[in-house]
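Residue-level structure breakdown
Read off the chains here:
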Amino acid sequence: MVSARVLQLLVLACLASALPAIDDNGNHLVIAPQSPVLEIGTNFTATCMIINTAEVTADDLYWNLAKTTLPKEHYSKVNRSTLNVTLLVAGEQPEWLFCHCKEELTNVYLDKGKYIHGILLTKGYRPGKPENLSCIAPQEGDYISPKVNCSWASVGRQTAQVPITYTVFFKIIAQTTYNVSNHKNHAQISVGLFPNHMDVEVWVVAHNALGTVESEHVKKEAGYFVKTNPPADVKTIAEKNFSTSLLINWTIPIPKVYLELTYEIRFRPHGSESWTYVPLADITNDIQSFRLQNLQPDTTYVTEVRCKNSKRGYGYWSEWSTSTNKTPEARPASKPDLWKFITRGDSINERRVQFLSKDPVFSNGRIIRFDIRIQDKKNKAKNGSLEWESILVNRSEAADNSSNRHHPITVLKEIVLPDKKSVTVQVIAVNSEGESPTASLTVLEKARELNPVEDLKVWSQGGQLWLEWKPLSSTAVTEYVVEWVTGDKIDWQRENRNTNQTAIKGKLEKFVCYTVSVYRVYSGRVGKPASKEVFLEEGVPEEGPSVNLMHKPGRNEVELSWTEIPQNKRRGFITNYTIFYKKSPTEIQSVVVPGNTTSFTLKSLSSNTKYDTWIRASTIRGSINGTSHSFTTLKYAPGEIELIVVGVSLGFLFAVVMTMLLCIYKKDVIKRNFWPQIPNPGESTIGNWSPDYPLKAETPKENCLSGISVLDVDMCDGRSVFEEDKASLPLKKDKYLSEEHSSGIGGSSCMSSPRQSVSDSDEGGDMADTTASTVQYSSVVASNGYKGQTPSSQPQQAIFSRSESTQPLLDCEENPDMLVPESSRQSQRFPRQPCFRHTADSTNPADFNQADMEQQEVLEPLDFCPLEEDSEQTTPPDDQSAEWLPSAPSSSYMPQLGGYRPQ
């Protein structure tokens, strides 16, 4: 506090000397100190003094930092005319600090320019102590350069307004001191002539407006700061008889009079990033050659050498000198990596085996050929060996360089191996220096193949494919082989028998499907593989499936098929297919099917409609649409038209058959409606002979039957009437006498005038209206017995009665003049034949039609006609009282009757 008070008094004293100048300007306020440089992070106190006026006091003053009024808690009143303010210096940018007087006072308001004063606060940091000072004197030609390059590490911060200046001092003991200044952290000092073998001292001073600081002093012999050129003319020499060593030669970069040097050597195989350093203890000082040993034959090595001051802890290492050469070849030191690739043969019970080999790990030279021998275990040669076959290796130089010499794969031989046969293959790799040890592999019979590994898992992680399987405790397993195949590319790697988890070490590509397999190997015998398909990384397929129609579209369905996306364009596992189909832009439907499906049938489609369809293939990374295909469904399904035609035909045939059956079943009804029965006069029954007419032939012009021809037939084939028949005749006579029968002789009577029949009285007026359209026929009843029939005791006149029919009159009845000329004949010759009579009852008009229908069915046999063959009698004999009726003639067609009539 005392020192601060003293500082404040000194400031006031300085200001007192400046008061006349301020007075000349007319200002009433002044701040001390003027334009200070402040250290950031410290407290700063400023003083505002009132001069040349008594109208204001310190109570009327206040402070502003830029445009912000500082709180009164930071103020301290020194006296009536002096006011202090204390603030924390923050931020790196400069700021203005103002002292103001309150404007409420009249004088201040009228002349406020005299009542304000400000100072600029410049901020910065104190310089830090420089560290890690180092100086290097490089080599120029055969000498050390007099220009020494020094560098150091700056400590602390600095601002643009308060920069730090660095000064480097290079002092030769007991001689001149050299220095150079700048604002950087490095500088070059020119010392005229480099002081070889002399002691020097070097240090750096950092200073700015806030202070000065000095680095540590480095006192060393001048050689400590020297950095020579790298060794010159470095050569690596390969010696033929030393396949595991290389000889390195070089030239020293600087004469020994200036420095004694030590060297450092390192080497690595070409393509490797790992260096091997030769221990410094194995390298003596001031040497110019060194032999590298325990190298791999036929391997290209990169060798580097550098040097520095031989004094321990002195000097800087020079840059590296590089040389490259290849060690000589030697006989292969390891077996070739023999493997096989089995595919299905052309026949069912055979395999196609391809034998492959990689170069030995320690091939020690370029492999020029492989010698192979395949031995059938069941058919060994007597001497136990077979001839060897040589497979020449033809590779480019690029494939044989040391970076990829273990990767080239040589196809040795391909054989067809039956499933029931096993072979042992032996392979030797040969280079220019000799043969390798023999590699052996046994392919067992298919039925004897050993079990595969269990619980194989394959997954992608960290850009690699990882495998894991269940370990086997059996000691028979000597190793595992991990194989990965894609397309026609195959590679493999071998794992220790105790391994159950590994990563594929080969180079794998993204979006490529690999079939990864793990084999157990039992002393050269290979077991069955356990395989998985996997992608290192999946993506969206490059193209979508192309859809086609398996068959022509149907009426409501169509069967689609599509080809699988080629393996090299899938870029992932197909999880599913989505089938889209639409018949208009707004009616899009879809069906999702599994990823292993290549065909699907779309159903419930509209008939005679055009559809567009396409298929989308999806993986876990995305989807892609295939090409679109259009098709049009049929209006009718296949076979539907044929089915309709067959159905209609069968229906029509069924209707025809049913109609025919109906016609057969209802033939009488149809016949009665479409073909009315015309009574056959030749089959009519005459029950009574009319008394008005004599029982003899009528005159020719009234006879309408003259046109009927009569065929002579045998008379009942010579049969006679039995006694029992004769006894029944009187009964039949009574029956006939009690009934009236329709004669059915259409045209036997020439009466054309209609009259009511006797049967009309039974029905009354029901039939009266139809008498005008009816045709009257006669019924004749005989009064005398005939041929064995007992006539009545008293002669009776024949009674002739008329019957009525709905059939029209014959032409002969309407027009008697149109009779044929033969009508004048009084009789026809009738042979003896059985006679029948019609028994239909015509007394009831309602039963007339029924009588007509049954007239052919109800015919009662009559006695034989009494006429002889030569008889021309047409009337019954007088001595007979039985009914007489001409024998039933055969039918012949007569147009006058509109149908058939008896002949």
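The structure reproduced in this document is the subject of the present report.

Reading the values: rules and limits
Just so you know, the residues in each chain are numbered from 1, in the order the chain's sequence is written. In keeping with the predicted nature of the model, local features appear solely for residues at pLDDT of at least 70, side-chain atom pairs appear and are counted solely at 80 or more, and the whole-chain, interface and lining totals rest on all residues. Side-chain figures throughout are based on the complete set of non-hydrogen atoms in the structure, without hydrogens or water. Where helices and strands are cited, they refer to DSSP runs of H or I of at least four residues and of E of at least two residues respectively, numbered from the N terminus. Between buried and exposed lies partly exposed: a residue is buried under 20% and exposed over 50% of the maximum accessible area for its type, with that area taken using a 1.4 Å probe on protein chains only. Every residue pair with non-hydrogen atoms within 4.5 Å of one another is taken to be in contact. Note on areas: Shrake-Rupley with a 1.4 Å probe; residue coverage comes only from the protein chains shown. Patch building starts from residues that exceed 30% relative accessible area and form no salt bridge, then joins like charges within 9 Å and nonpolar side chains (Val, Leu, Ile, Met, Phe, Trp, Tyr) within 5 Å. The term salt bridge refers to a pairing of a side-chain nitrogen on Lys or Arg with a carboxyl oxygen on Asp or Glu at a separation within 4 Å. Working definition: a ring pair exists when centres of Phe, Tyr or Trp rings (six-membered ring for Trp) sit within 6.5 Å. Plane angles under 30 degrees give stacked, over 60 give edge-to-face, the rest tilted. Two cysteine sulfur atoms make up a disulfide if the distance between them is within 2.5 Å. With a 1 Å grid laid over protein atoms only, a set of points is called a cavity when a 1.4 Å probe fits there but cannot get out and a pocket when it is open yet has protein on both sides within 12 Å along at least five of seven lines; lining residues have an atom within 4 Å of a point. Grid points are joined across faces, edges and corners, and a volume is the space filled by probe spheres set on the points. Under the grouping applied here, Gly and all other residues not named as nonpolar or charged are polar, the nonpolar ones being Ala, Val, Leu, Ile, Met, Phe, Trp, Tyr, Cys and Pro and the charged ones Asp, Glu, Lys and Arg. Only when DSSP finds a minimum of two bridges between them are two strands counted as paired. Axis lines are fitted through C-alpha atoms, for helices just across the contact stretch, and the angle between N-to-C directions can take any value from 0 to 180 degrees.

The subject of this paragraph is the overall build of the protein. Helix and strand content of the protein: nine helices and 56 strands. Within the span of the protein, comprising 903 residues, buried residues form 42% of the whole. Contacts in the protein between residues far apart in sequence, at least 24 positions, make up 68% of those at least 6 positions apart. Summing over all exposed atoms, the protein offers an accessible surface of approximately 49400 Å²; the carbon and sulfur share of this is 51%.

Another point: a nonpolar patch on the surface. A cluster of nonpolar side chains, Val 646, Leu 650, Leu 653, Phe 654, Val 657, Met 658, Leu 661 and Ile 664, forms an exposed patch at the surface whose accessible area comes to about 770 Å². With respect to the helices and strands, Ile 664 occurs in helix 4 (residues 640–665).

What follows deals with the packing of aromatic side chains. In this structure the tally under the stated criterion is 17 aromatic pairs. On the numbers, 6.1 Å between centres and 20° between planes, the contact of Trp 96 with Phe 98 is stacked. Note on Trp 96: relative accessible area 43%, which makes it partly exposed. A ring pair is formed by Tyr 224 and Phe 225, whose centres lie 5.3 Å apart and whose planes are at 90°; its orientation type is edge-to-face. According to the relative accessible area criterion, Tyr 224 is partly exposed, its value standing at 22%. A relative accessible area of 3% means that Phe 225 is categorised as buried.

A covalent bond bridging the sulfur atoms of two cysteines is what the word disulfide describes. In the structure shown here, the tally under the stated rule is two disulfides. One disulfide bridge connects Cys 48 with Cys 99, the sulfur atoms lying 2.0 Å from each other. The S-S bond linking Cys 48 to Cys 99 shows a torsion near -90°; that makes this disulfide left-handed. Of this pair, Cys 48 sits in strand 3 (residues 43–50) while Cys 99 is found in strand 8 (residues 95–101), placing the two residues 51 residues apart along the sequence. Residue classification places Cys 99 among the buried residues on the basis of a relative accessible area of 0%. In this model Cys 135 forms its disulfide with Cys 150; the gap between the sulfur atoms is 1.9 Å. An S-S torsion of about 110° defines the bridge between Cys 135 and Cys 150 as right-handed. Of this pair, Cys 135 sits in strand 10 (residues 131–140) while Cys 150 sits in strand 12 (residues 147–153), and the two are 15 residues apart along the sequence. A single burial state applies to Cys 135 and to Cys 150, both of which are buried.

What follows covers the pattern of salt bridges. Once the charged atoms of two side chains with opposite charge are near each other, the side chains can pair. What the rule picks out here adds up to 26 salt bridges. The shortest N-O distance in the salt bridge between Arg 291 and Glu 239 comes to 2.1 Å. Within this pair, whereas Arg 291 is found in strand 24 (residues 289–292), its partner Glu 239 is found in strand 20 (residues 232–239), the two being separated by 52 residues in sequence. Taking relative accessible area as the criterion, Arg 291 reaches 29% and is therefore assigned partly exposed.

With respect to the helices and strands, Thr 597 occurs in the loop between strand 46 (587–594) and strand 47 (599–602). Taking the relative accessible area as the measure of exposure, Thr 597 reaches 18% and is therefore buried. In contact with Thr 597, other than residues within four places in its own chain, are Trp 562 and Tyr 577.

We now examine the layout of surface pockets. If a probe the size of a water molecule is rolled over the atoms, the empty space left behind becomes visible. Roughly 570 Å³ of internal volume is contained in the second largest pocket. If you trace the second largest pocket, you find 27 residues lining it, with Pro 336, Asp 337, Leu 338, Trp 492 and Arg 494 closest to the centre. For the lining of the second largest pocket, the element with the most residues is strand 38 (residues 489–496), which contributes four residues. Across the lining of the second largest pocket, the residue classes tally to 10 nonpolar, nine polar and eight charged.

This part covers the sheet that holds strand 35 (residues 457–461). In spatial order, the strands read 35-36-39; together these three strands make up an open sheet with antiparallel pairing. Edge positions in the open sheet fall to strand 35 and strand 39 (501–503), since each of these has one partner strand only. Neighbour-to-neighbour, the strand axes of the sheet open up by a mean angle of 20°, direction not taken into account.

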